[in-house]
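Results of the structural survey
These are the residues of each chain, in order.
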Amino acid sequence: MAKDPIRVLVTGAAGQIGYALVPMVARGVMLGADQPVILHMLDIPPAAEALNGVKMELVDAAFPLLKGVVATTDVVEACTGVNIAVMVGGFPRKEGMERKDVMSKNVSIYKSQASALEKYAAANCKVLVVANPANTNALILKEFAPSIPEKNITCLTRLDHNRALGQISERLNVQVSDVKNVIIWGNHSSTQYPDVNHATVNTPAGEKPVRELVADDEWLNGEFITTVQQRGAAIIKARKLSSALSAASSACDHIRDWFLGTPEGTWVSMGVYSDGSYNVPAGLIYSFPVTCKNGEWSIVQGLSIDELSRNKLDLTAKELSEEKDLAYSCLS
């Protein structure tokens, strides 16, 4: 029996990430090859013509799973009835701008979009914030959409998670699908902590710890971490544009695992509302290792945290607390 279509909102849909993301959604990469979708695409009025061009291309691609397209600059029309909201649109930091200026712009954007989602989205709408500062934008959204359950508001750190998997795969010359259970802790920023202490590689002799196979703690505690932390900047330097393809792909991974579940024995990284696990202050949107089942995520509990890791978890939490205070100061 055919499934009912799921309505997926993509904000900033005429931008780089949006342009890479919408065909993936329409092709079934996000929700599965048997799940019809209706795409809701939102962008700002100056991008209306470009947005219409994206809609034309979606029609031209004749995606069998795509059962409708809403392309609009009206936030209410965009949010009406959506089951999933992928918040890609935001105000990017420009040269010479202070962090507070960027935060202030994003507070106003996320305030209006949160209000529209709260009033017009489908019940139990799941939200993924991609636009930076992603963790804090998600927190603002939560503040202005109090009726959306806090477990339904997340931010993207799967891109960093996938980057970490890729670096280990390249270092060990193994398939990336054989590497699992890296962790991204904290903020989607240069303070994030890519942690391999619990990661394993599937080898012909069974699962082996990444640390044992790499056998180079200096690299794992140094260059590996900074490479993952600064990968976005490296891509901008190489492409003269930010990472769009990998961001779109990881957004699909995030939603797919959230909706359809993580494989047994595997966790992923998601920016979620902290409940105080691992002594991370409650009330932050912080990246944790999670498993997903029946459309719900759960923080993986009981992992050992060494002293180096503890310091890095605390450092990124401190930055997030400062960002939270800055965001709240923009509300007054």
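Residues numbered from 1 in each chain as written. Predicted model: local features only at pLDDT ≥ 70, side-chain atom pairs only at ≥ 80, totals over all residues. Heavy atoms only, no water.

Topic: the overall build of the chain
Using the following cut-off: Numbering of helices and strands starts at the N terminus; helices are DSSP runs of H or I of at least 4 residues and strands are runs of E of at least 2. Exposure classes here rest on a 1.4 Å probe applied to the protein chains alone. A residue is buried below 20% of its type maximum, exposed above 50%, and partly exposed in between. By definition, residues are in contact when any of their heavy atoms lie within 4.5 Å.
When helices and strands are counted, the chain shows 12 helices and 14 strands. Reported as C-alpha extents along the three principal axes, the dimensions of the chain are approximately 55 × 50 × 40 Å. Buried positions account for 52% of the 332 residues belonging to the chain. Within the chain, contacts between residues at least 6 apart in sequence are counted, and of these 72% link residues at least 24 apart.

With respect to the packing of helix α6 (residues 158-172) against helix α11 (residues 245-260)
This is how it is decided: Comment: axis = line fitted to C-alpha atoms, over the contacting stretch for helices; angle = value between 0 and 180 degrees taken between N-to-C directions. Between 65 and 115 degrees an angle is taken as roughly perpendicular, under 35 as roughly parallel, over 145 as roughly antiparallel, and anywhere else as oblique. As a working rule, the residues Ala, Val, Leu, Ile, Met, Phe, Trp, Tyr, Cys and Pro are called nonpolar, Asp, Glu, Lys and Arg charged, and the rest polar, with Gly in that last group.
Closest axis-to-axis distance for the α6/α11 pair is 8 Å, and the angle between their directions is 105 degrees. On the basis of the axis angle, α6 is roughly perpendicular to α11. Two secondary-structure elements touch here, α6 through Arg158, Leu159 and Asn162 and α11 through Ser246, Ala247, Ser250, Asp253, His254 and Asp257. Tallied by class, the residues present in the contact of α6 with α11 amount to two nonpolar, four polar and three charged.

Quick word on the side chain of Gln192
Tracing the chain through its elements places Gln192 in the loop between β8 (183-185) and β9 (193-195). Judged by relative accessible area, which is 2%, Gln192 ranks as buried. Excluding its chain neighbours within four sequence positions, the residues that come into contact with Gln192 are Asp160, Ile184, Trp185, Asn187, Val228, Gln229 and Thr316.

Thoughts on the sheet that holds strand β11 (residues 206-209)
Note the following rule: One bridge is not enough; two strands pair if DSSP finds at least two bridges between them.
Read across the open sheet, the three strands follow the order β7-β10-β11; overall the sheet is antiparallel. What marks the edges here is a single partner per strand, and that holds for β7 (179-180) and β11. Note that strand β10 (residues 200-203) and β11 share four bridges and pair antiparallel. What sits directly across from Thr200, in β11, is Pro209.

Some thoughts on the pairing of strand β2 (residues 37-42)
Two faces, one strand: in a regular strand the side chains alternate between the faces of the sheet. Selection rule: A right-handed crossover is one whose linking path, passing over the helix from the first strand to the second, runs clockwise when the strands point away from the viewer.
Taking burial as the measure, the six residues of β2 include six buried ones, the bulk of the element. Going residue by residue along β2, you find Val37, Leu39 and Met41 tucked away on one face and Ile38, His40 and Leu42 tucked away on the opposite face as well. As a crossover connection, the stretch from strand β1 (residues 6-11) through helix α1 (residues 16-27) into β2 is right-handed. Two strands pair when backbone bridges link them, and β2 and strand β3 (residues 66-72) are joined in this way by six bridges, in the parallel orientation. Looking across to β3, one finds that Ile38 is bridged to Gly68. In terms of handedness, the path from β2 via helix α2 (residues 48-61) over to β3 forms a crossover that is right-handed.

What about the nonpolar core?
Here is the rule we go by: Buried residues of nine kinds, namely Ala, Val, Leu, Ile, Met, Phe, Trp, Tyr and Cys, make up a nonpolar core once their side-chain atoms join them within 4.5 Å.
Ranked by size, the top nonpolar core spans 72 residues in total, and within it Val8 and Leu21 carry the most contacts. Leu21 has contacts with Val10, Met30, Val86, Val88, Ala248, Ala251 and Cys252, leaving out every residue within four places of it along the chain.

Comments concerning the packing of aromatic side chains
Note the cut-off: Only Phe, Tyr and Trp rings are paired, with Trp represented by its six-membered ring, and only when their centres lie within 6.5 Å; those with planes under 30 degrees apart are stacked, over 60 edge-to-face, the remainder tilted. Only when the NZ atom of a Lys or the CZ atom of an Arg is both within 6 Å of the ring centre and within 35 degrees of the ring normal do we say a charge sits over the ring.
Counted according to the given criterion, the structure contains four aromatic pairs. Judged by centre distance (5.0 Å) and plane angle (70 degrees), the rings of Trp185 and Tyr278 are edge-to-face. Remark: Tyr278 occurs in the loop between β12 (268-273) and β13 (285-293) and Trp185 occurs in strand β8; sequence separation between them is 93 residues. Chaining the aromatic ring pairs together yields one cluster made of Trp185, Tyr278, Tyr286 and Phe288. The residue whose ring lies beneath Lys126 is Phe259, and the NZ or CZ to ring-centre distance is 5.5 Å.

Regarding the pattern of salt bridges
Keep this limit in mind: Throughout this description, the term salt bridge denotes a Lys or Arg side-chain nitrogen within 4 Å of a carboxyl oxygen of Asp or Glu.
Enumeration over the complete set of coordinates arrives at nine salt bridges. Of the charged contacts, one joins Asp257 and Arg158 as a salt bridge, the two residues approaching to 2.8 Å between their closest N and O atoms. On the criterion of sequence distance, the pair formed by Asp257 in helix α11 and Arg158 in helix α6 is long-range, its members being 99 residues apart. Using a relative accessible area of 7% as the deciding quantity, one classes Asp257 as buried. In this structure, the salt-bridge partner of Arg256 is Asp253, at a minimum N-O distance of 3.1 Å. Of the two residues, Arg256 and Asp253 are both situated in helix α11; the distance of three residues between them amounts to about one turn of the helix. Given the relative accessible area of 13%, Asp253 is considered buried.

Here we look at the UniProt feature "binding site: NAD(+)" (unreviewed entry) in the chain
For clarity, the threshold we go by: UniProt positions are given in the numbering used here, feature names are shortened, and annotations may be inferred rather than shown by experiment.
Residues annotated in UniProt with the feature "binding site: NAD(+)" (unreviewed entry) correspond here to Gly12, Ala13, Ala14, Gly15, Gln16, Ile17, Gly18, Asp43, Asn106, Val130, Ala131 and Asn132. Tracing the chain through its elements places Asn106 in helix α4 (residues 99-120). A residue is classified by how much of its surface remains accessible, and Asn106, at 0% relative accessible area, is buried. Among all residues touching Asn106, those that are not within four sequence positions of it are Gly90, Phe91, Asn132, Pro133 and Asn137.

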